[in-house]
Amino acid sequence: MHYWLMKTEPDVFSIDDFLTRKDRTEGWNGVRNFEARNFMRDGMRVGDLVIIYHSNATPPGAAGVAEVASAAYPDPDQFDPASEYHDAKSTRENPRWLQVDVKFVKKFDRLVPLDEIRAEPRFDELVMLRRNRLSITPLTAAEFRVFEELGSRRG
DNA sequence: GCCAACGTTGGC
DNA sequence: GCCAACGTTGGC
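Note that this is a predicted model, so its numbers are computed, not measured. (Residues numbered from 1 in each chain as written. Chains lettered and ligands numbered in written order. Predicted model: local features only at pLDDT ≥ 70, side-chain atom pairs only at ≥ 80, totals over all residues. Heavy atoms only, no water.)

A.B. asks: I keep staring at the protein's contact with DNA strand B and nothing clicks. Help me out?
C.D. replies: Neighbouring residues of DNA strand B: Lys7, Tyr53, Ser55, Asn56, Pro60, Leu114, Arg118 and Arg133. Taking Lys7, its side chain carries an N or O atom lying 2.8 Å from a phosphate oxygen of DNA strand B. Contact distances for DNA strand B include 2.9 Å between a phosphate oxygen and a backbone N or O atom of Asn56. (Near = heavy atom within 4 Å. Polar contact = N/O pair within 3.5 Å; in protein donor to acceptor, adjacent residues only side chain to side chain.)

Next comes the structure, spelled out in structure tokens:
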């Protein structure tokens, strides 16, 4: 079992949007960074747990939990010339970009804001804080539990 | 292989 | 909207 943090802009896809999808599952398309792709391809397994993080939001922060629901497979948008995610260098024989399916588990009782993530000593080694802009990062089991603790704090 | 230009991310 | 960080591209 591995743990991950995946960023999403809530204006595009938020934790609440899982509830509008079939099986509360979303294909995590649009990842266009090789390191993030490699995490999906080489690291993720069905059942891994994922913190869903809202970026470009007010405030930004951790919004809930999801789980990996498929192995990595080619992101279809890369083959679509009309898509903003189209990649002319990608072929169906040798696709560059992958996605996984991600299934809703729960929304936190409250958003855990970035300020609080930064201030938390148990997040001193958090890869998301150390690696600017990387949209998929690994978590330790301990870090995952801290997110759950902070997200379930009452009022 | 170097590195400057360019594009994107994402907090503010 | 600004801009720092930093990954990618392409000329050489």
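And the narrative resumes.
A.B. asks: Help me understand the nonpolar core in this model?
C.D. replies: As a rule of thumb, nonpolar side chains are buried together in soluble globular proteins. If you look at the biggest cluster of nonpolar residues, it comprises 20 residues, and the most contacted ones within it are Met6, Phe18, Trp28, Met44, Ile52, Val102 and Ile136. Residue assignment for this core shows that the elements contributing at least two residues are strand S1 (3–8), helix H1 (34–43), strand S3 (49–54), strand S4 (61–68) and strand S7 (101–113). For Met6, the residues in contact, after removing those within four places along its chain, are Trp28, Met44, Val50, Ile51, Ile52, Tyr53, Val100, Val102, Ser135 and Ile136. Listed in part, the 19 residues of the second largest apolar core include Tyr3, Val112, Leu139 and Phe147. (Core = buried A, V, L, I, M, F, W, Y, C linked by side-chain atoms within 4.5 Å. Buried < 20%, exposed > 50% of the residue type's maximum accessible area, 1.4 Å probe, protein only. Helix = DSSP H or I, 4+ residues; strand = E, 2+ residues; numbered from the N terminus. Contact = heavy atoms within 4.5 Å.)

A.B. asks: It is not clear to me how the sheet that holds strand S8 (residues 136–139) should be interpreted in this structure. Could you clarify?
C.D. replies: The strands making up a sheet associate through hydrogen bonds between their backbones, and the pairing can be parallel or antiparallel. The strand order across the open sheet built from six strands is S2-S7-S4-S3-S1-S8, with neighbouring strands paired in mixed fashion. Sheet topology places strand S2 (25–27) and S8 at the edges, where each strand pairs with a single neighbour. Across the sheet, the mean angle separating the axes of adjacent strands is 35 degrees when strand polarity is ignored. For S2 and S7, the ladder comprises three bridges, and the chain directions are antiparallel. Note on S7: the bridge partner recorded for Glu26 is Val102. Sheet strands touched by helix H4 (residues 141–151): S1, S3, S4, S7 and S8. Its angle to S7, the strand with the most contacts, is close to 55 degrees. (Pairing = 2+ DSSP bridges. Axes fitted to C-alpha atoms, helices over the stretch in contact; angles between N-to-C directions.)

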